[in-house]
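# Chains, contacts and geometry: an overview
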Amino acid sequence: MSGLTGCVRQKYGILYPEFSNVLVYGMTILQVTLAVREPDAAHRLLVSRVDGGDVTRLVSVGKMNLGEAGGKARLTWPVVPDVLRQYQDFGGRQLAVAANNDWPFFAIEILQDGRRVAASGIDVEIINALANRLNFTYRVMSPPDGQWGWVHPNGTVTGMIGLLARREAHVAICEITITGSRETVVDFTAPYFMEYATLVSRAPALKNRTFAVFSPFSPQVWLCIALITAVLGPVASVVARLRALYDGVAPRRDTNDFSFNVFRNLVIQGNRIPVLYLPSRFIFIFWYLFCFYVYALYSGTLTAVLAVPAFEKPIDALTDLQKAISEGFTLGVMADSSLEYIFKEAESGIYKEVWGLFNHRDPSRSFVNHPDRGFAKLTQEKFVFVNSQLNSELRVSQRGRQNFHIGRQSFFPQAYGIACFSGAPFLDKFNQLVARLVEGGLVNHWKEEVVVLAAAAAPLHNDPKRRPSAISLKHLQAAFLVLVLGAALGVPALVGELLVSRCCRWWQDGDPLTSR
């Protein structure tokens, strides 16, 4: 007690130098209460108060006569104030507000003298509303590591949460997710904003058109067409021969060309073979109808494939990440954020599987310290970024919507709250006002304002890749590929025929050197 009394004397002796005997009557986190002996044997009760200049001073609240039975007190002000009433007016005090430069929630402007000031954003509107209502000012400070913060197993606390845990700041507001781990070292107000997480990746590229000529049909359809074409020629030839033998006449020589003409029918080049017998006519009539149907479907689908742009399959859900990683993508997330720890702390399920997809050998590739860094990587490499929904939508609008793809399936609903240092006496008052802002629709109104501003500032674009266009050489590369394949097959066929012909002459003449 003597040590504590000495500390109080050292702190408050300048304010009350005439009192030599100071008794520490009580001390709490909220205030210091002193009983100072006066000449009439009574004690004046003093309690600590913080004035508008953020200076702690002792204020007299009444007297107490310790000599009387029971120690009667005559108080002009309560010794222990009503917290809600006390913090209805901060008296112009200045609070330290921790925040990162994170538009659309809290945009920070750095002045020439190095001071950080709040510029715009949803959270800026909220803290300004609280400051106006409760009569306080604030200065903005950012954590040295630029992170949102987490409580690590070794006891260290990083980011904005660390500033509060060490009482270097009074309040932190900047899209901070309320989590159980963070609530062990700081206090949160009631949630003022709810949203989901999503996956952001680069816009799907146009599909390669090299094999577009084969795209109208699946491999099974191509196989069936090839088999039926190869089979129908011999079948038609056998039917014609059997019918001719039945009539007792020699089969026509052109029945040997049925296979070639069946193929001509398939590619709509006509057929000059006269079909004399009724069975053959039935076969070819229905073959013509089949060929017409196949050709119509093929030509119509191929036109659509070439004229209408086709894109690679986008990354829409967590279940798509495994394939994306196998195709060379890197999965990324904000370091020391709630989104990182939902995967890191998962013990089973899809979140646990996703955690294994991050690049743990080179963490700098997967874990970034700011959303801007994540979106920069999206344009520089094959990257998938796990980020909050609204933040992603607005950042994508700023950078050109046509350059990015936001996954259609969201996950992990998260609530944002104002973080205060543990035991903050003004927490209940903040809770009251935050509830009024939410119930009055002001938070949603400020969100809509930010969305409108982002849409107005978004660059105008008209991406020609996403609308039908004229057929170009790029579209017809598959057709030229077919010609190249034909030439590639024709050359060895020519060499083979020459060799076979030479061998036949050698067999007939016995001297390949003199054969012509």
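The structure reproduced in this document is the subject of the present report. (Residues numbered from 1 in each chain as written. Predicted model: local features only at pLDDT ≥ 70, side-chain atom pairs only at ≥ 80, totals over all residues. Heavy atoms only, no water.)

### Some details on the pattern of salt bridges
Across all of its chains, the model carries 9 salt bridges by this definition. Put simply, aspartate 102 and arginine 395 hold a salt bridge, and the shortest N to O gap is 3.0 Å. Pair noted here: aspartate 102 is in the loop between strand 6 (94-98) and strand 7 (107-110) and arginine 395 is in helix 13 (residues 389-399), with a separation of 293 residues, a long-range link. The exposure class assigned to aspartate 102 is buried, which follows from its relative accessible area of 0%. Assessed through its relative accessible area of 3%, arginine 395 is described here as buried. Taken together, the shared-partner salt bridges in this structure form one network comprising Asp102, Asp372, Arg395 and Arg399. (Salt bridge = Lys/Arg side-chain N within 4 Å of Asp/Glu carboxyl O. Helix = DSSP H or I, 4+ residues; strand = E, 2+ residues; numbered from the N terminus. Buried < 20%, exposed > 50% of the residue type's maximum accessible area, 1.4 Å probe, protein only.)

### Description of empty space enclosed by the protein
Taken as a whole and assessed by the stated rule, the structure comprises 2 cavities of 30 Å³ or more. Taken together, 15 residues line the largest cavity, and the ones lying closest to its centre are Trp148, Glu175, Met334, Ser337 and Leu339. Elements that contribute at least two residues to the lining of the largest cavity include exactly helix 9 (338-344), strand 15 (383-388) and strand 17 (411-416). Residue contributions to the lining of the largest cavity peak at 3 residues, all from strand 15. (1 Å grid on protein atoms, 1.4 Å probe; cavity = no way out; pocket = protein on both sides within 12 Å on 5 of 7 lines; lining within 4 Å. Points joined across faces, edges and corners; volume = space filled by probe spheres on them.)

### Some words on the packing of aromatic side chains
The final tally for this structure, using the stated rule, is 22 aromatic pairs. Here the aromatic rings of tryptophan 355 and phenylalanine 358 are separated by 5.6 Å at their centres, their planes lie at 50 degrees, and the arrangement is tilted. Note on accessibility: tryptophan 355 and phenylalanine 358 belong to one class, buried. Pairing phenylalanine 375 with phenylalanine 385 gives two aromatic rings, centres 5.8 Å apart and planes at 80 degrees, and the pair type is edge-to-face. Residue phenylalanine 375 is located in helix 12 (residues 371-380), and its partner phenylalanine 385 is located in strand 15; the two are separated by 10 residues in the primary sequence. Its relative accessible area of 0% is what places phenylalanine 385 among the buried residues. Of the aromatic side chains, those joined through ring pairs into one cluster are Phe343, Tyr351, Trp355, Phe358, Phe367 and Phe411. (Phe/Tyr/Trp six-rings, centres within 6.5 Å; stacked < 30°, edge-to-face > 60°.)

### Considering the layout of surface pockets
Put simply, the second largest pocket is a space of about 450 Å³. Sorting the residues of the lining of the second largest pocket by element identifies helix 5 (219-247), helix 6 (258-266) and helix 7 (278-307) as the ones contributing at least two each. Here the lining of the second largest pocket takes 4 residues from helix 5, the largest share from any one element. Considering only residue class, the lining of the second largest pocket consists of 13 nonpolar, 1 polar and no charged. (Nonpolar A, V, L, I, M, F, W, Y, C, P; charged D, E, K, R; others polar.)

### Side note on a nonpolar patch on the surface
On the surface, a nonpolar cluster with roughly 550 Å² of combined accessible area is contributed by Leu278, Phe282, Ile285, Phe286 and Leu289. Tracing the chain through its elements places phenylalanine 286 in helix 7. (Patch = residues over 30% accessible without salt bridge, like charges linked within 9 Å, V, L, I, M, F, W, Y side chains within 5 Å. Areas by Shrake-Rupley, 256 points an atom, 1.4 Å probe, with all protein chains shown as cover.)

### Some thoughts on helix 3 (residues 122-134)
The end-to-end C-alpha separation of helix 3 is 19 Å, in line with the 18 Å expected for 13 residues at 1.5 Å each. Of all the positions in helix 3, only Ile122, Asp123, Val124, Ile126, Ile127, Leu130, Ala131 and Leu134 are classed as buried. The first or second residue beyond helix 3 is asparagine 135, which carries a positive phi of 60 degrees. (Expected span 1.5 Å × (residues − 1).)

### Considering unusual backbone geometry
The peptide bond linking tryptophan 103 to proline 104 adopts the cis configuration, its omega dihedral lying at 20 degrees. Here proline 104 lies in the loop between strand 6 and strand 7. In this model, asparagine 135 sits at a positive phi of 60 degrees, which is unusual for a non-glycine residue. The residue asparagine 135 is located in the loop between helix 3 and strand 9 (137-141) in this model. A positive phi angle, close to 55 degrees, is found at aspartate 336, a residue other than glycine. Tracing the backbone through its elements, the reader meets aspartate 336 in the loop between strand 13 (330-334) and helix 9.

### Examining the environment of serine 338
Following the sequence through the fold, serine 338 ends up in helix 9. On the basis of relative accessible area, serine 338 is assigned to the buried category, the value being 6%. Between the C-alpha atoms of serine 338 and glycine 149, which are 189 residues apart in sequence, the distance is 8.6 Å. Beyond its immediate sequence surroundings of up to four residues, serine 338 is in contact with Trp150, Thr177, Thr179, Arg182, Phe412 and Gln414. (Contact = heavy atoms within 4.5 Å.)

### What to know about the environment of leucine 34
Its location among the elements puts leucine 34 in strand 2 (residues 32-37). Residue classification places leucine 34 among the buried positions, given a relative accessible area of 2%. When the C-alpha atoms of leucine 34 and serine 48 are compared, they prove to be 8.5 Å apart, with 14 residues separating the residues in sequence.

So far we have only geometry, and geometry alone does not tell us how the molecule works.
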